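# Understanding the architecture of this molecule
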Amino acid sequence: MVDGKEDVYYVVGFDPGSCSYGYLCQVPGELASRTFGALKKKDVVSWNMIIAGCAEVGELEQAWMFFDQMPCRDIVSWNSLITGYACRGGFSMVKDLIIDLVMENVIPDTVSMISLVSAAAETGALDQGRWAHG
């Protein structure tokens, strides 16, 4: 890997001038972090893509790191983290995240609630799943 920013973009097939940050989701840990760090402008879309990408591949600590650094979060930011934990059966973490989301005055949406029910079903917490569904 060459240290120049343009070389970083070239290595991962990433066009920093485009709206397509999808490649970032498929780049392994350290390279994704360096590529993301090389971006001159980080908008809510780029932050959400790196969080979702890390969560999708099971790098939940890395996703948390980006989530904590994000200057302004939206429902997509929250749902990216929530879905990451839900896919791995982390019901208590999903529940805690939804409580935090509400405390931040963000309204949970369908994705948030489906993730909660899914995580409850995955861990066998059927009473909690019924509560979330209702």
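Residues numbered from 1 in each chain as written. Predicted model: local features only at pLDDT ≥ 70, side-chain atom pairs only at ≥ 80, totals over all residues. Heavy atoms only, no water.

### What about the packing of helix α3 (residues 44-56) against helix α4 (residues 60-69)?
- α4 packs onto α3 with a crossing angle of 160 degrees between their chain directions and a minimal axis gap of 7 Å. Our classification of the angle between α3 and α4 gives roughly antiparallel. When you trace α3 past α4, the crossing you get is left-handed. Contacts between α3 and α4 involve Trp-47, Ile-50, Ile-51, Cys-54 and Ala-55 on the former and, on the latter, Leu-60, Gln-62, Ala-63, Phe-66, Phe-67 and Gln-69.
- Of the residues that constitute the contact of α3 with α4, the class distribution is nine nonpolar, two polar and no charged. (Axes fitted to C-alpha atoms, helices over the stretch in contact; angles between N-to-C directions. Helix = DSSP H or I, 4+ residues; strand = E, 2+ residues; numbered from the N terminus. Parallel < 35°, antiparallel > 145°, perpendicular 65-115°, else oblique. Left-handed = near helix turned anticlockwise from the far one by under 90°. Contact = heavy atoms within 4.5 Å. Nonpolar A, V, L, I, M, F, W, Y, C, P; charged D, E, K, R; others polar.)

### A closer look at the side chain of Ser-80
- In this fold, Ser-80 is placed in helix α5 (residues 75-87).
- What makes Ser-80 buried here is its relative accessible area of 11%.
- Apart from residues lying up to four places away in sequence, Ser-80 is in contact with Asn-48, Ile-51, Ala-52 and Ala-55. (Buried < 20%, exposed > 50% of the residue type's maximum accessible area, 1.4 Å probe, protein only.)

### Notes on the nonpolar core
- In this structure, Ile-50, Ile-51, Phe-66, Trp-78, Ile-82 and Val-94 are the most contacted members of the largest nonpolar core, which totals 27 residues.
- For this core, the elements supplying multiple residues, two or more each, are α2 (29-38), α3, α4, α5, α6 (91-103) and α7 (110-123). (Core = buried A, V, L, I, M, F, W, Y, C linked by side-chain atoms within 4.5 Å.)

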